[in-house]
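Overview (structure and organization)
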Amino acid sequence: MTSPQQFLLPDVGEGLTEAEILAWSVRPGDVVEVNQIIVEVETAKAAVELPSPYAGVVSALHAEVGDLLPVGRPLITIDTEAPGEAASGEPDGGAVQQPDAEQPALLVGYGPQGTGNGRRRRRPAHPAQPQRADSVEARAPEPAPARSAAKPPVRKLAKDLGVDLTTVAPTGPGNTITREDIHEAARGATPQTAPDPAPDTPRTSETRVPIRGVRRHTAAAMVASAFTAPHVTEFITVDVTATMRLRELVAGRREFRDLRVTPLLFFARAFLIALAKTPEANSSWDEAVQEIVLKHYVNLGVAAATDRGLVVPNIKGADRMSLHELAQALADLTATARAGRTSPQDMTGGTVTLTNVGVFGVDTGTPILNPGEAAILAVGAVRRMPWVVQDVDGNERIEPRWGTQLALSFDHRLMDGRQGSELLAHTAQILHEPGLAML
């Protein structure tokens, strides 16, 4: 006799309330093992693969690809072997019994939260619709198609072109689907000719994109920050020629040869050193108890643009790292963010943020604070520019130098103008003359 077990959608972050179904790895009739990946979901912070808490046969999927499912709602039902004899004479395949104490709490905040009518649809259902719990019919199990790996940019391309990944033959290394595979599948699809519009009807010139996942979370956070914390932004242009020479020197050292030594590494280091002399910049405002919370650690957030939107993972304890450790942490953070695999833990707990708008060729900007933080530093493009240089005799001349612009936004509740100005000026001084960090 089998015992139906429901796996409820867990809270895979800190206080997240829902997740979108990105892809199912199983279908009704499949045999699954404990800890086997069964579904990939996207929360407001990251994409996460969820493992099965049970071993058995999948009897029903309770959501389709594209659905938004609230935390605590049924995600999947798996028929497991009943422990011992059944307590009643009800035959197999009867009503699904809700688990009680045996329901495992796999992740943070597991369990039902609030009430509601279940899942919400966000976009049209995937062509291959999963079977619902209330329409399960007895039939021979069908083997699930082999799931080929595809990176997030490739999945996005498939969605944009309307290509079903389960129908694409992978040609990439390790049985992965490439962009070329997607384009080839799209070219092989039967084109559907849309009827000509009526003479008086203009062609559609708008595209509506559902607001969900990271984009919705970022939008809500930025609005909350902009209308809660009184922002002040200050700017400074700095000669970073000495820092660029130091970068070349460090990049040539043997212990750094396997790392990408970028100017951002030294901007981050200078900012961390300057923060030590302006502790108010590493604090938060607790409105509920009317207290200022000074942090005695620095979790440095680094803004990263991804296919899913802007994410700001942070490096825990960045102020205690050596230059080599910081370089490794930045490399890992960037690679993980671009792959769309940043964990929810890495997205929480930041204390200050660094954003590199210079990577897009931009000179400066007015960055918006991350909610709960007091300061964010924007770094502009590093470029050659004419600079007035004075020699030891006081003679001036113009010569080309490496220069950049820094923009610091801070919460005026937590920092006065003097403190914000000192933080920005001290950061610029270290970048102009890295030897000052020795003082």
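This text goes with the structure placed above it.
Read on for a plain summary of the structure.

The rules behind the values
Residues numbered from 1 in each chain as written. Predicted model: local features only at pLDDT ≥ 70, side-chain atom pairs only at ≥ 80, totals over all residues. Heavy atoms only, no water. Salt bridge = Lys/Arg side-chain N within 4 Å of Asp/Glu carboxyl O. Helix = DSSP H or I, 4+ residues; strand = E, 2+ residues; numbered from the N terminus. Buried < 20%, exposed > 50% of the residue type's maximum accessible area, 1.4 Å probe, protein only. Core = buried A, V, L, I, M, F, W, Y, C linked by side-chain atoms within 4.5 Å. Contact = heavy atoms within 4.5 Å. Phe/Tyr/Trp six-rings, centres within 6.5 Å; stacked < 30°, edge-to-face > 60°. Lys NZ or Arg CZ within 6 Å of the ring centre and 35° of its normal. Expected span 1.5 Å × (residues − 1). Polar contact = N/O pair within 3.5 Å; in protein donor to acceptor, adjacent residues only side chain to side chain. Pairing = 2+ DSSP bridges. Axes fitted to C-alpha atoms, helices over the stretch in contact; angles between N-to-C directions. Parallel < 35°, antiparallel > 145°, perpendicular 65-115°, else oblique. Left-handed = near helix turned anticlockwise from the far one by under 90°. Nonpolar A, V, L, I, M, F, W, Y, C, P; charged D, E, K, R; others polar. Patch = residues over 30% accessible without salt bridge, like charges linked within 9 Å, V, L, I, M, F, W, Y side chains within 5 Å. Areas by Shrake-Rupley, 256 points an atom, 1.4 Å probe, with all protein chains shown as cover.

Below, the discussion takes up the pattern of salt bridges. Scanning all chains against the criterion turns up seven salt bridges. In this structure, Arg-401 engages Asp-239 in a salt bridge whose closest nitrogen and oxygen atoms are separated by 3.0 Å. Of this pair, Arg-401 sits in strand E20 (residues 396-411) while Asp-239 sits in strand E10 (residues 231-239); the two residues are 162 residues apart in sequence, bridging distant segments of the chain. Close ionic contact of Arg-383 with Asp-363 constitutes a salt bridge, the shortest N to O distance being 2.9 Å. In this pair, Arg-383 is assigned in strand E19 (residues 383-390) and Asp-363 in the loop between strand E17 (352-356) and strand E18 (375-379), connecting sequence segments 20 residues apart. Residue class for Arg-383 comes out partly exposed when judged on its relative accessible area of 33%. Asp-363 gets classed as partly exposed once you look at its relative accessible area, which sits at 31%. Each of Asp-239, Arg-397, Glu-399 and Arg-401 takes part in a single network of salt bridges with overlapping partners.

This next bit is on the nonpolar core. Counting residues in each nonpolar core, the largest one holds 45 residues, and the members touching the most others are Leu-300 and Leu-326. For this core, the secondary-structure elements that each account for two or more residues are helix H4 (241-251), helix H5 (263-275), strand E13 (300-302), helix H6 (323-338), E17, E18, E20 and helix H7 (417-432). In terms of residue count, the dominant contributor to this core is H5 (10 residues). Once residues within four sequence positions are removed from consideration, Leu-326 is found in contact with Leu-265, Ala-268, Arg-269, Leu-272, Ile-315, Ala-318 and Met-321. Ranked by size, the runner-up nonpolar core spans 21 residues in total, among them Leu-9, Trp-24, Leu-61 and Val-65.

Bringing the packing of aromatic side chains into the picture now. In the structure shown here, the tally under the stated rule is zero aromatic pairs. Above the face of the Trp-402 ring, Arg-384 is positioned so that its terminal group lies 5.1 Å from the ring centre.

Here we come to unusual backbone geometry. Non-glycine residue Asn-35 carries a positive phi angle of around 75°. Note on placement: Asn-35 falls in the loop between strand E3 (31-32) and strand E4 (37-42). Relative accessible area serves as the criterion here: at 55%, Asn-35 is assigned to the exposed category. Even without glycine at this site, Gln-290 takes up a positive phi of about 55°. One can find Gln-290 in the loop between strand E11 (283-286) and strand E12 (291-294). Overall, Gln-290 belongs to the exposed group, its relative accessible area being 52%.

Counted at 1.5 Å a residue, the expected span for H6 with its 16 residues is 22 Å, and the 23 Å between its end C-alpha atoms agrees. Summarising the contacts, the buried residues of H6 are in contact with H5, E13, strand E14 (304-306), strand E15 (309-311) and strand E16 (314-315). Where H6 ends, the next residue or the one after it, Gly-340, has phi of about 75°, a positive value.

So, about the side chain of Glu-399. With respect to the element layout, Glu-399 can be found in strand E20. Of note is the side chain of Glu-399, whose polar atom sits 3.0 Å from the side chain of Arg-397. Here Arg-401 takes part through its side chain, which lies 2.9 Å from a polar atom of the side chain of Glu-399.

Across the five residues of E17, four count as buried, placing the element largely inside the fold. Pairing of E13 with E17 involves three bridges; the strand directions are parallel. In the sheet register, Val-302 faces E17, and the bridge partner there is Leu-354.

What follows covers the sheet that holds E3. In spatial order, the strands read E1-E8-E6-E3; together these four strands make up an open sheet with antiparallel pairing. With one partner strand each, in any of the chains shown, strand E1 (2-8) and E3 form the two edges of the open sheet. As defined by bridge partners, strand E6 (residues 56-61) adjoins strand E8 (residues 74-81) across four bridges and the pair is classed as antiparallel. Note on E8: the bridge partner recorded for Val-58 is Ile-78.

Our next topic: the packing of H5 against H7. Direction vectors running N to C along H5 and H7 enclose 130°, while the axes themselves pass 9 Å from each other. Judged by the angle between their axes, H5 and H7 are oblique. Where H5 crosses over H7, the two elements pack in a sense that is right-handed. Taken together, the residues of H7 that come into contact with H5 (itself represented by Phe-266, Phe-267, Ala-270, Phe-271, Ile-273, Ala-274 and Leu-275) are Leu-423, His-426, Thr-427, Ile-430 and Leu-431. Partitioning the contact of H5 with H7 into residue classes produces 10 nonpolar, two polar and no charged.

The next thing to look at is a nonpolar patch on the surface. A cluster of nonpolar residues, Trp-285, Ile-292 and Leu-294, forms a patch on the protein surface that exposes about 270 Å² of accessible area. Structurally, Trp-285 can be placed in strand E11.

So, to be careful, I would describe these as geometric facts and stop short of saying anything about function.
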